[in-house]
Amino acid sequence: MSDRIVLALVVVLGVPAALVGYVALIEWLLRGAANRWKARLRPWLWLLPALVFLGVYLVYPSLKTIYLSFFNADSRRFVGLDNYHYIFTDRTNLISLRNNVLWVIFFTGAVVAFGLLIAVLTDRVRYESIARGVVFLPMAVSFVAAGVIWRFMYDYRPPGLPQTGTVNAALILVVPGYTPHAWLIERPINTFAIIGASVWMWTGFAAVILAAALKGVPADVLEAARVDGAGEWQVFWRIIFPLLGTTIAVVTTTVVIIALKAFDIVYVMTNGNYDTDVIANRMYKEMFNFRNFGRASTIAVILLCAIVPVMLYNLRSFRTQEATR
């Protein structure tokens with residue numbers, strides 16, 4: 001316990017003290033420099049600690065992972081592109097890649113669509129902050145907790161027995177002759193069932209971001225359109241939606257990245273069984289279950305190559321959005 005207290009004190013007091021000392025040292029070193037050199041060196045010296053951390057904890061691990069992807073399970077023998085050939089020809093990995101494509105399409109589409117719908121519908125209600133707070137509430141739950149919650153929601157008992165899962169019990173009440181389904185076992189609805197649980201979590205995120213952007217739409221423009229006879233449907237598609245375009249692009253690319261990195265909720269709900277696996281969970285299994293560092297590194301490289309273009313587009317959209325403000 002005492003070691004933890006010492007560590008906490010070092011983190012709470014030591015890190016800020018080190019930063020203050022570093023800044024004081026930089027300013028002391030720049031004191032004797034010419035003004036034109038001060039202007040050039042000061043930004044880079046201030047950024048130096050962050051660049052060092054990025055190099056040590058991001059750039060070096062990425063390069064090391066790419067290097068290991070060309071070696072065998074224990075990283076001792078060079079195997080060239082064998083790991084990549086295995087990933088793109090093995091049935092289990094192909095199913096994982098297919099599921100990630102389904103995640104990108106349906107998870108992203110549902111989160112953005114529901115988020116936009118909620119943002120627009122709650123924009124004029126009296127208790128909009130409460131309504132958005134309720135929608136945003138699942139974001140406070142971790143993926144692991146959400147996975148446990150939705151395992152209970154999708155719980156299944158054979159026909160004729162009392163259904164303990166909320167989904168099957170509710171459908172029995174409202175749909176005459178309904179036969180209970182094993183939502184997490186039956187293919188292909190099990191993948192969509194997990195995607196649905198994730199949509200429940202992330203819709204609040206999209207709704208809050210889009211609602212904030214909606215507040216920035218000029219009210220006089222909307223009022224002028226209505227005075228000119230435009231209906232609400234026309235106002236939405238011809239004015240609101242184009243003005244929200246950049247924000248929608250940022251939210252969409254962010255959700256795409258989340259979809260590509262989907263792991264914990266799949267791990268908790270099915271552990272990738274019954275053809276529900278995703279690429280991040282395959283990487284975990286290759287790394288920690290099968291101890292095959294070469295294949296795990298290969299999957300990590302594939303995941304990186306899929307995420308980086310989306311992230312770059314996201315940054316570009318974000319800069320465009322900031323420039324238009």
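For the structure, see preceding data.
Cut-offs applied
- Residues numbered from 1 in each chain as written.
- Predicted model: local features only at pLDDT ≥ 70, side-chain atom pairs only at ≥ 80, totals over all residues.
- Heavy atoms only, no water.
- Helix = DSSP H or I, 4+ residues; strand = E, 2+ residues; numbered from the N terminus.
- Polar contact = N/O pair within 3.5 Å; in protein donor to acceptor, adjacent residues only side chain to side chain.
- Contact = heavy atoms within 4.5 Å.
- Axes fitted to C-alpha atoms, helices over the stretch in contact; angles between N-to-C directions.
- Parallel < 35°, antiparallel > 145°, perpendicular 65-115°, else oblique.
- Left-handed = near helix turned anticlockwise from the far one by under 90°.
- Nonpolar A, V, L, I, M, F, W, Y, C, P; charged D, E, K, R; others polar.
- 1 Å grid on protein atoms, 1.4 Å probe; cavity = no way out; pocket = protein on both sides within 12 Å on 5 of 7 lines; lining within 4 Å.
- Points joined across faces, edges and corners; volume = space filled by probe spheres on them.

Trainee: I keep staring at the side chain of Asp277 and nothing clicks. Help me out?
Mentor: Here Asp277 shows up in the loop between helix H12 (264–269) and helix H13 (279–289). In this structure the side chain of Asp277 is engaged in a polar contact, spanning 3.3 Å, whose partner is the side chain of Lys285. Those residues in contact with Asp277 that lie beyond four places of it in its chain are Ile95, Ser96, Asn99, Gly272, Arg282 and Lys285.

Trainee: In this structure, what is going on with the packing of helix H9 (residues 219–227) against helix H10 (residues 232–243)? I would like to understand it.
Mentor: Relative placement of two packed helices is described by the angle separating their axes and the distance separating the axes. At a minimum axis distance of 10 Å, the contact between H9 and H10 shows a crossing angle of 135°. Compared by their axis directions, H9 and H10 come out oblique. When you trace H9 past H10, the crossing you get is right-handed. Judged by residue contacts, Val221, Leu222, Ala225 and Arg226 of H9 engage Glu232, Val235, Ile239 and Ile240 from H10. Residue classes in the contact of H9 with H10 are distributed as 6 nonpolar, no polar and 2 charged.

Trainee: Please clarify how the layout of surface pockets should be interpreted in this entry.
Mentor: Here the idea is plain: a probe the size of a water molecule rolls over the atoms and shows the empty space left. Roughly 600 Å³ of internal volume is contained in the largest pocket. In terms of lining residues, the largest pocket is bounded by 24 residues, among which Ser62, Thr65, Ala300, Leu303 and Leu304 are the most central. Only helix H2 (35–68), H13 and helix H14 (293–323) provide two or more residues apiece to the lining of the largest pocket. Among the elements that line the lining of the largest pocket, the one with the most residues is H14, at 12 residues. Contributing to the lining of the second largest pocket are 18 residues, with Val120, Leu214, Glu232, Phe236 and Ile240 lying nearest its centre. Contributing elements (two or more residues each) for the lining of the second largest pocket: helix H4 (91–121), helix H8 (189–215), H9 and H10. Per-element tally for the lining of the second largest pocket: the top contributor is H10, with 6 residues.

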